[in-house]
Amino acid sequence: MKWHSEADVVVIGSGATGLPAAIAAREAGNSVILVEAQPHMGGHAITSGGNVPLGGGTSAQKKYGIADSPDLVFQDLTDWSVVQPNGAPDYRYNDREIVRAFADNNVSTYDWLLAHGVTFADKAPDERGGISVGNSVPREMHAVPLDWPLAHTGKPVDPAVRATYSIGAGLMYPLIEAARRAGVETLLEHKMTAIHREDPASGRVTGIEVEHRGTRLSIGARKAVIVGTGGSIGNVNFRRMFDPRLTEEYCGLAGMPWSDQDASGEIAAMAVGAALWGLFNQTGEFGYAITKAGRIGCQYGYQHLNWQPDSKVFDKARATGLFVSDWQNAIMVNMLGQRFYDETGPAFTSNNYNGVKAYVPGSYLNARNVAYNPNNFLNAAMAGIGDGHNGGGPIWAIFDSEAAARQKWVPEPPFVDIDSGFFFSANTITELAAKIRMKYQRVPMPPEKLEATIARYNAFVDAGTDADFGKPKPLYKIATAPFYAAWATPVLHDTRAGVRINAQCEVIDMQGDVIPGLYCGGESAGGFSQHGLARCVCQGLIAGRNAGA
Ligand SMILES: Cc1cc2nc3c(=O)[nH]c(=O)nc-3n(C[C@H](O)[C@H](O)[C@H](O)COP(=O)(O)OP(=O)(O)OC[C@H]3O[C@@H](n4cnc5c(N)ncnc54)[C@H](O)[C@@H]3O)c2cc1C
């Protein structure tokens with residue numbers, strides 16, 4: 001290969017995995033090039049809630065008298081006996097080697113973050129924001145933004161909450177600064193398109209191919225390449241290997257449009273022989289892989305991310321969405337205008353400290369102590385209309401002007417996205433159904449069906465019972481014009497399966513052998529069913545240290 005540039009270590013992605021990896025490799029004396037597909041850094045991590053579940057006996061846990069240890073973290077995250085209320089198991093399919101490495105590195109990762117400028121709220125670790133982080137003790141720490149601007153607002157927070165408000169900007173801006181200080185060479189708008197290996201199926205990984213504003217460049221890696229590309233749930237064909245239902249209409253990925261999870265890391269690694277790992281963790285019905293829309297009338301309706309007009313990416317997000325605090329104010333219908341579930345029904349859940357009452361590690365009684373709740377809202381939303389298609393199609397929240405007043409919704413831009421077809425309004429139900437035309441609405445909504453659905457629902461309000469889906473005492477009729485239809489299709493969130501790695505975050509091939517010079521961590525790595533930042537930062541550090549050694 002003739003390289004356009006070269007470094008000891010090349011890192012792909014500037015998120016929760018890539019930045020720690022790049023800094024660690026650089027601080028070990030290596031030259032480091034970090035490539036980032038977007039014009040800005042931080043990945044989904046900078047849009048995140050900044051809740052970081054690191055335990056194992058951190059100084060914060062000790063300060064507040066919480067007894068934890070690496071062994072307890074390991075035991076928690078491999079406990080076969082923990083199940084969700086819908087019966088889905090959280091931890092039993094985790095790879096023991098990968099979880100052991102995580103458990104053993106929790107404390108050092110926490111200390112490393114402090115040493116690299118991250119400030120956590122000065123309070124006892126809790127369980128707030130945690131998803132699949134173990135049941136024994138509280139471990140959740142909260143990165144605070146101080147004066148950094150937030151990705152979704154483009155502004156700093158009110159000074160009164162600068163040291164208490166948990167947000168990903170508080171984690172990632174200090175790391176961006178630390179990378180700059182350390183001398184990591186960062187190339188924005190450089191999208192990795194391929195990984196080079198001496199031979200397609202053997203030998204060392206030697207570098208990567210990137211695309212930069214229409215130009216292809218080759219970057220050589222003298223020691224190693226680290227994949228920190230953030231997962232695959234944004235790639236329709238890739239995610240359908242896990243769940244065939246997840247067709248194109250699931251276009252409202254959490255964290256988008258700041259960055260995507262397009263499986264480019266997984267695909268490039270697989271092209272040089274990498275295996276995938278822990279695939280049940282992607283399909284299992286727990287946590288946030290698929291979530292219920294919390295904001296309606298916009299493409300990106302993740303409940304905890306509210307894109308504001310001053311955000312750098314608002315031109316792509318196009319609307320803030322209407323936050324639904326009470327689903328009594330709307331019904332949800334499928335493409336045919338039919339209801340399918342109790343709208344107040346929950347999404348999938350996850351385990352955390354206190355998630356299982358009377359928790360006894362490894363005891364079959366844990367499952368018996370969880371009140372069974374089939375919790376099928378998302379499956380009902382994705383059931384489709386019986387026309388042979390795999391995807392469930394769009395889900396629309398239907399409400400009237402009185403509901404908008406009760407929820408204090410302003411049904412116009414910038415709150416809703418009318419131009420791209422994620423929000424419609426009309427003076428009659430018939431007219432509203434006829435207006436619902438957009439690229440994912442495969443069939444027209446029959447006006448008479450929507451009329452009938454609303455008439456039946458209004459009768460349930462009169463009767464005080466939802467005879468079809470058991471919505472707890474339906475409260476409000478849909479009767480006062482104008483009427484609205486707002487996009488409320490399930491939102492995809494995290495990736496929990498990916499490239500096979502070992503404890504050193506080296507990538508493993510289909511024969512079970514290490515691919516020399518290739519490392520991976522975070523949401524692009526498989527074998528570890530835990531949402532979020534802690535595993536990504538921890539694996540980033542492991543990968544960076546080993547790659548640079
Ligand atoms: C709204 C939201 C809230 C969240 N809140 C929390 C929370 O409170 N606590 C928690 O633990 N977790 C949270 N998470 C999850 C957490 O943010 C992610 O798990 C974590 O950021 C994943 O880290 P990563 O390094 O794998 O990917 P990312 O942080 O997404 O970084 C991946 C980076 O790689 C870049 N990239 C991708 N492909 C390429 C390519 N081909 N070439 C170059 N660059 C590429 C991307 O643009 C991106 O910048 C949240 C996520 C979201 C979206």
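All figures in this text were calculated on a predicted structure; none of them were measured in a lab. In every chain, residue numbers begin from 1 and rise along the written sequence. Totals for whole chains, interfaces and linings use all residues, but because this is a predicted model, local features are given only for residues with pLDDT of at least 70 and pairs of side-chain atoms are given and counted only at 80 or more.

This part is about the overall build of the chain. A count of helices and strands for the chain gives 16 helices and 20 strands. If you line up the chain on its principal axes, its C-alpha atoms span 70 × 55 × 50 Å. Three exposure classes are used, all based on how many other C-beta atoms lie within 10 Å of a residue's own C-beta (placed from the backbone): buried at 20 or more, exposed at 12 or fewer, and partly exposed between those limits. Within the chain, the fraction of its 549 residues that count as buried is 56%. Counting only contacts in the chain whose residues sit at least 6 apart along the sequence, the fraction spanning at least 24 positions is 75%. Every helix listed is a DSSP run of H or I at least four residues long, and every strand listed is a run of E at least two residues long, numbered separately from the N terminus. Contact between two residues is assigned whenever their backbone-derived C-beta positions fall within 7 Å.

A few words now on the site of the ligand. To decide nearness, the C-beta atom of each residue is placed from the backbone, and the residue is near a molecule or strand if that atom lies within 6 Å of it. Lining the immediate surroundings of the ligand are 44 residues, of which Gly13, Gly15, Gly43, Gly522 and Gly532 lie closest. Broken down by element, the shell around the ligand gets its largest block of residues, 4 residues, from helix H2 (residues 43-47). Only Asp, Glu, Lys and Arg are considered charged in this grouping, and only Ala, Val, Leu, Ile, Met, Phe, Trp, Tyr, Cys and Pro are considered nonpolar; every other residue, Gly among them, is considered polar. Grouping the amino acids of the shell around the ligand by side-chain chemistry returns 13 nonpolar, 27 polar and 4 charged. Residues lining the shell around the ligand come from more than one domain, with at least three contributed by each of domain 1 (5-284 + 493-548) and domain 2 (293-345 + 396-487). Where each domain starts and ends follows an automatic or database-derived domain assignment.

It is worth spelling out helix H8 (residues 264-271) at this point. Of all the positions in H8, only Ser264, Gly265, Glu266, Ala268 and Ala269 are classed as buried. Positive backbone phi, approximately 110°, marks Gly273, located one or two places after H8.

Turning to the environment of Tyr353, a few remarks are in order. Of note, Tyr353 is situated in the loop between strand S13 (331-333) and helix H11 (365-369). For the pair Tyr353 and Val133, spaced 220 residues apart in sequence, the C-alpha to C-alpha distance is 7.5 Å. For Tyr353, the residues in contact, after removing those within four places along its chain, are Glu127, Gly130, Asn135, Val137 and Pro138.

Before going further, it helps to spend a moment on the pairing of strand S7 (residues 202-212). Direction of pairing for strand S6 (residues 191-199) relative to S7: antiparallel, over a ladder of 7 bridges. Bridge pairing links Met192 to Val210 in S7. Two strands pair under a simple rule: DSSP has to find at least two bridges between them. Counting the residues in the hairpin turn of S6 and S7 gives 2 residues. Sheet topology note: the S7/strand S8 (residues 215-227) ladder contains 6 bridges and is antiparallel. Among the inter-strand pairings, His212 is bridged to a residue of S8, identified as Thr215. The antiparallel pairing of S7 with S8 creates a hairpin that spans 2 residues between the two strands, and Arg213 there sits at a positive phi of about 45°.

We now examine the domain arrangement of the chain. For the chain, the assigned domains are domain 1 (5-284 + 493-548) and domain 2 (293-345 + 396-487). On a C-alpha basis, the centres of domain 1 and domain 2 stand 35 Å from each other. Each partner contributes residues to the interface: domain 1 has 17 residues there, and domain 2 has 16 residues. Among the residues making up the side of domain 1 that touches domain 2, the classes are represented as 6 nonpolar, 8 polar and 3 charged.

Moving on: the sheet that holds strand S16 (residues 483-487). Spatially, S13-S14-S16-S15 is the arrangement adopted by the 4 strands of the open sheet, whose pairing is antiparallel. Every interior strand has two partners, whereas the edge strands, S13 and strand S15 (423-426), have only one. The sheet shows a mean angle of 25° between the axes of neighbouring strands, taken without regard to direction. Note that S13 and strand S14 (residues 396-400) share 3 bridges and pair antiparallel. Looking at S14, one finds that Ile331 is bridged to Ile398. Axes here refer to lines fitted to C-alpha atoms; in helices the fit is confined to the stretch in contact. Angles between the N-to-C directions go from 0 to 180 degrees.

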